[in-house]
Amino acid sequence: MIVTALVLGVIVGALLGLVGGGGSILAVPALVYGVGLPLAEAIPSSLIVVGAASAVAVLPRLRRGVHWRLAFIIGVAGVATAYLGTTVNRMLDQRVLLGAFSVIMVVAGVRMFLPTRSAGGPCALPGGRVNWRSCLPRALAAGAVVGFLTGLLGVGGGFLIVPALTLVLGLPMGVTVGTSLVIIVINSVAGFAAHLDEVQIDWAVTGAFAASAMGSSLVAGRLGRGLSDTVLKRGFAVLVLGVAAYVAITALIG
């Protein structure tokens, strides 16, 4: 289990470091199917892994820019809904959750194939200005949705945050990646806190997973600067769709 956790942690951390998301959506199925943890234990464990790896992955991005105000607004907006998502999680069957997880993964994978504009929008006007009257409601809505999914499914939300920041809020990719990682850290902490009353963690497995994810996220964050956004997004989309198919089939056959 430790060796498997180390290998899967490298993959999850690399995706976070390269595109500012993606590792989150793979961490839960990796812990469930790869390592063999039950879903109830995999969800809080994934939040530890994703939060730690994202905190490390953002370091190489600091010089390229992080929109700290938006990251704080979106992250805080998701705190309350993360607790709501956790409440709903306890009311649903595991197969229902995994089925919902696979559907969201398919949507995310397909979305990554579609083109995105690099800049322009209420939160990224010419000259670095922000139209807060239009930007703030969109940022709050995006944070609420991502926070709910964080609590419900144990994902940091980067697979939704990245397209939300570029399409809905209009941030350029150079700022989107770093901002997404900061939001993932906030959401992961909130999601984990919501599970504290009944948390069960295999610290040896989770620690190995997190350590390898942190190391690979730092390396990938530096290497990712030389790769095009199109190559990274489409490669990630293929991987996510493959995992979604596997999760869906497993949920259906039990």
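Residues numbered from 1 in each chain as written. Predicted model: local features only at pLDDT ≥ 70, side-chain atom pairs only at ≥ 80, totals over all residues. Heavy atoms only, no water.

Draft legend 1. View of the overall build of the protein. What the protein contains, in helices and strands, is 10 helices and zero strands. Across the protein, helices and strands are ordered from the amino to the carboxyl terminus as α-α-α-α-α-α-α-α-α-α. Each principal axis of the C-alpha distribution contributes one length, and for the protein these read about 50 × 35 × 30 Å. Counting only residues that meet the buried cut, the protein has 54% of its 254 residues in that class. (Helix = DSSP H or I, 4+ residues; strand = E, 2+ residues; numbered from the N terminus. Buried < 20%, exposed > 50% of the residue type's maximum accessible area, 1.4 Å probe, protein only.)

Draft legend 2. Main features of the nonpolar core. Grouped together as the largest cluster of nonpolar side chains are 66 residues, with contacts concentrated most on Ile25, Val35, Met105 and Phe209. Considering every element that reaches this core, the biggest residue donor is helix 2 (residues 23–35), with eight residues. (Core = buried A, V, L, I, M, F, W, Y, C linked by side-chain atoms within 4.5 Å.)

Draft legend 3. Representation of a nonpolar patch on the surface. A cluster of nonpolar residues, Val3, Val7, Ile11 and Leu239, forms a patch on the protein surface that exposes about 340 Å² of accessible area. With respect to the helices and strands, Val3 occurs in helix 1 (residues 2–19). Judged by its relative accessible area of 60%, Val3 falls in the exposed class. (Patch = residues over 30% accessible without salt bridge, like charges linked within 9 Å, V, L, I, M, F, W, Y side chains within 5 Å. Areas by Shrake-Rupley, 256 points an atom, 1.4 Å probe, with all protein chains shown as cover. Salt bridge = Lys/Arg side-chain N within 4 Å of Asp/Glu carboxyl O.)

Draft legend 4. How the structure looks around the packing of helix 5 (residues 94–113) against helix 6 (residues 132–153). Two elements in contact, helix 5 and helix 6, have axes whose closest approach is 11 Å; the angle formed by their N-to-C orientations is 140°. Regarding the angle of helix 5 to helix 6, the classification is oblique. Relative to helix 6, the crossing made by helix 5 is left-handed. Seen from helix 5, the contacting residues are Leu97, Phe101 and Ile104; seen from helix 6, they are Leu149, Leu152 and Leu153. Of the residues belonging to the contact of helix 5 with helix 6, the class tally is six nonpolar, no polar and no charged. (Axes fitted to C-alpha atoms, helices over the stretch in contact; angles between N-to-C directions. Parallel < 35°, antiparallel > 145°, perpendicular 65-115°, else oblique. Left-handed = near helix turned anticlockwise from the far one by under 90°. Contact = heavy atoms within 4.5 Å. Nonpolar A, V, L, I, M, F, W, Y, C, P; charged D, E, K, R; others polar.)

Draft legend 5. Region of interest: helix 6. Helix length check: helix 6 (22 residues) gives 31 Å between terminal C-alpha atoms against 32 Å at 1.5 Å per residue, within 8%. For helix 6, the full list of buried residues reads Cys135, Ala139, Ala142, Gly143, Val146, Gly147, Leu149, Thr150, Gly151, Leu152 and Leu153. (Expected span 1.5 Å × (residues − 1).)

Draft legend 6. Looking closely at the state of the cysteines. Across all of its chains, the model carries one disulfide by this definition. Disulfide partner of Cys123: Cys135, at an S-S distance of 1.8 Å. Across the disulfide from Cys123 to Cys135, rotation about the S-S bond amounts to roughly 105°, and the bridge is consequently right-handed. One end of the pair, Cys123, is in the loop between helix 5 and helix 6; the other, Cys135, is in helix 6, and 12 residues separate them in sequence. Exposure remark for Cys135: the relative accessible area of 0% places this residue in the buried category. (Disulfide = S-S within 2.5 Å.)

Draft legend 7. Inspection of the UniProt feature "transmembrane region" (unreviewed entry) in the protein at higher detail. When the UniProt feature table is mapped onto this chain, "transmembrane region" (unreviewed entry) is found at residues 37–59, 66–84, 135–161, 173–196, 203–223 and 235–253. As a span, residues 66–84 carries 89% helix and 0% strand, and end to end its C-alpha atoms are 28 Å apart. Helix makes up 100% of residues 203–223 and strand 0%. Its end C-alpha atoms lie 30 Å apart. (UniProt positions renumbered as here; feature names shortened; annotations may be inferred.)

Draft legend 8. A look at helix 9 (residues 203–223). Its 21 residues place the ends of helix 9 30 Å apart at the C-alpha level, agreeing with the 30 Å of an ideal helix rising 1.5 Å per residue. The set of residues buried in helix 9 consists of Val205, Thr206, Ala208, Phe209, Ala210, Ser212, Ala213, Ser216, Ser217, Ala220 and Gly221.

Draft legend 9. Fine view of the environment of Ala53. Mapped onto the secondary structure, Ala53 falls in helix 3 (residues 39–57). Judged by its relative accessible area of 0%, Ala53 falls in the buried class. Along the backbone, Ala53 and Ala14 are 39 residues apart, and their C-alpha atoms lie at a distance of 9.1 Å.

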